[in-house]
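Close look at the chain arrangement
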Amino acid sequence: MKPISLIVSAAAISKVYGHGGLYNYTIDGVEYPGHYPWLPEEGQVSIQRRWWPDPIYRADHPYLACNRGNPLATSITKLHATVRPGSEVIASYYPPLCPTSPPVPFPKTPSVPNYDEEDPPMKCSGPEYTWVHSQGPMMVYMADCQGPCDEWDGTGKRWFKIWEAGYNPKGWEGAYEYGTDKPISTKDRWWQDYVIERGDTTGAWNITIPNLKPGNYLIRHELINLEASLQFYPECAQLEVIGDGDAIPSEDYLVEFPGAYSADDPGLWMAGELYNPKVGHSIFNYTIPGPKVWDPSKA
Ligand SMILES: [Cu+2]
């Protein structure tokens, strides 16, 4: 495991912009800017929890729930986006412009000791450095905050999965290269490839809020990159669900972070080995990690 992460560190230094995350949300047509990791926390009003663009390299990382910027944040805004069952949430992985003046001091100490943290953290990349990874699953979770989400730290067995996509050996029906009617390349069989090929912010990754009982919920988008090493990219945002939904997931759908994954899970063990001919073929029968998807319309 260690040699692999050393290789990744070297790659990350030579290619500073190799990471990223979820920068903006569009919910029922309303744009909600994310919490930009390169700006000071003070003055940012966002539904999104603070996060860092460098990956989390461990399935047992203590801050896997909402990315390590969050528990180390000095303030969490109270803003929640209002949604209802059926609302559409679109996630954009295209970075905003970098601040030019005044120069913003980047946090110097993101590290959680002994958890393979990168140091120094990734610098602001700007819009030309879009999401680069493609090989790994994409998932969306929600969790009942049991009160205002800004008062909950994301710990505990409250998370349930509402959406997932992994590897489809047949490709994705209806997936076209952005701006064309050309189906995406047959090699692009991870859903992340589809997002990259689409290249826009208007529907690359859109999910629908399920028929949930009203209340405050965190929504957690997560990309996992399996290509060079095991890398988790989760980000959380605060939602208030209104309306007349009445469903809640039963206990067997609930997980906690860390805890939901282990590095030897069927969908994770091949991380860093995709180009090993003895291993790479295993993705043709890929199992997405984590719990099964909760879908109250089928319950
Ligand atoms: Cu990266």
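Here we summarise the structure given alongside this text.

**Quick notes on the overall build of the chain**
When helices and strands are tallied, the chain shows 2 helices and 9 strands. Each of the 299 residues in the chain was classed as buried or not, and the buried ones make up 54%. Taking the contacts inside the chain whose residues are at least 6 apart along the sequence as the reference set, 72% of them involve residues at least 24 apart. Carbon and sulfur atoms form 54% of the exposed surface of the chain, whose accessible area is close to 13800 Å².

**Considering the pairing of strand β1 (residues 24-27)**
With burial as the criterion, each face of β1 is covered, one bearing N24 and T26 and the other bearing Y25 and I27. If you look at the hairpin formed by β1 and strand β2 (residues 30-33), you'll find 2 residues sitting between the two strands, and D28 has a positive phi there, around 50°. Alignment of β1 against strand β4 (residues 88-92), held across 4 bridges, turns out to be antiparallel. In the strand pairing of β4, I27 is matched with V89.

**Let's talk about the nonpolar core**
Of all hydrophobic cores here, the largest spans 36 residues; its most connected members are I27, M142, F160, W163, W205, I207 and I219. Beyond its immediate stretch of four places on either side in the chain, M142 contacts R158, W159, F160, I162, I209, P210, L212, Y217, L218, I219, L239 and V241. By size, the runner-up hydrophobic cluster in this structure holds 32 residues, among which are C66, Y141, C236 and A271.

**Some thoughts on unusual backbone geometry**
P258 follows F257 through a cis peptide bond whose omega is -10°. With respect to the helices and strands, the residue P258 is situated in the segment after β9 (231-241). Backbone geometry at D28 places phi at a positive 50°, although glycine is not the residue there.

**A few points about the sheet that holds strand β7 (residues 206-208)**
With antiparallel pairing, the 4 strands of this open sheet are ordered in space as β2-β1-β4-β7. Looking at which strands have only one partner, the edges of the open sheet turn out to be β2 and β7. Here the strands of the sheet are splayed against their neighbours by 25° on average, with no regard to which way each runs.

**A look at the state of the cysteines**
As enumerated under the stated definition, the model contains 2 disulfides in all. Note on cysteine connectivity: C66 is disulfide-linked to C236, with sulfurs 2.1 Å apart. Residues C66 and C236 are joined through a disulfide that is left-handed, its torsion about the S-S bond being -90°. Taken together, the positions of C66 in the loop between β2 and β3 (81-83) and C236 in strand β9 put the pair 170 residues apart, joining distant regions of the chain. Taking the relative accessible area as the measure of exposure, C66 reaches 2% and is therefore buried.

**Remarks on the sheet that holds strand β8 (residues 215-225)**
Strand order in this open sheet of 5 strands is β3-β9-β8-β5-β6, and the pairing throughout is mixed. In this open sheet, the two edge strands, each paired with only one partner strand, are β3 and β6 (159-165). The mean inter-strand angle of the sheet, taken between neighbouring strand axes irrespective of direction, is 35°. Relative to β6, strand β5 (residues 138-144) runs antiparallel, the two sharing 6 bridges. What sits directly across from Y141, in β6, is K161.

**Comments concerning the environment of A260**
If you trace the backbone, A260 turns up in the segment after β9. In this structure, the C-alpha to C-alpha distance between A260 and D60, residues 200 residues apart in sequence, is 9.0 Å.

Criteria and thresholds
- Residues numbered from 1 in each chain as written.
- Predicted model: local features only at pLDDT ≥ 70, side-chain atom pairs only at ≥ 80, totals over all residues.
- Heavy atoms only, no water.
- Helix = DSSP H or I, 4+ residues; strand = E, 2+ residues; numbered from the N terminus.
- Buried < 20%, exposed > 50% of the residue type's maximum accessible area, 1.4 Å probe, protein only.
- Contact = heavy atoms within 4.5 Å.
- Areas by Shrake-Rupley, 256 points an atom, 1.4 Å probe, with all protein chains shown as cover.
- Pairing = 2+ DSSP bridges.
- Core = buried A, V, L, I, M, F, W, Y, C linked by side-chain atoms within 4.5 Å.
- Axes fitted to C-alpha atoms, helices over the stretch in contact; angles between N-to-C directions.
- Disulfide = S-S within 2.5 Å.

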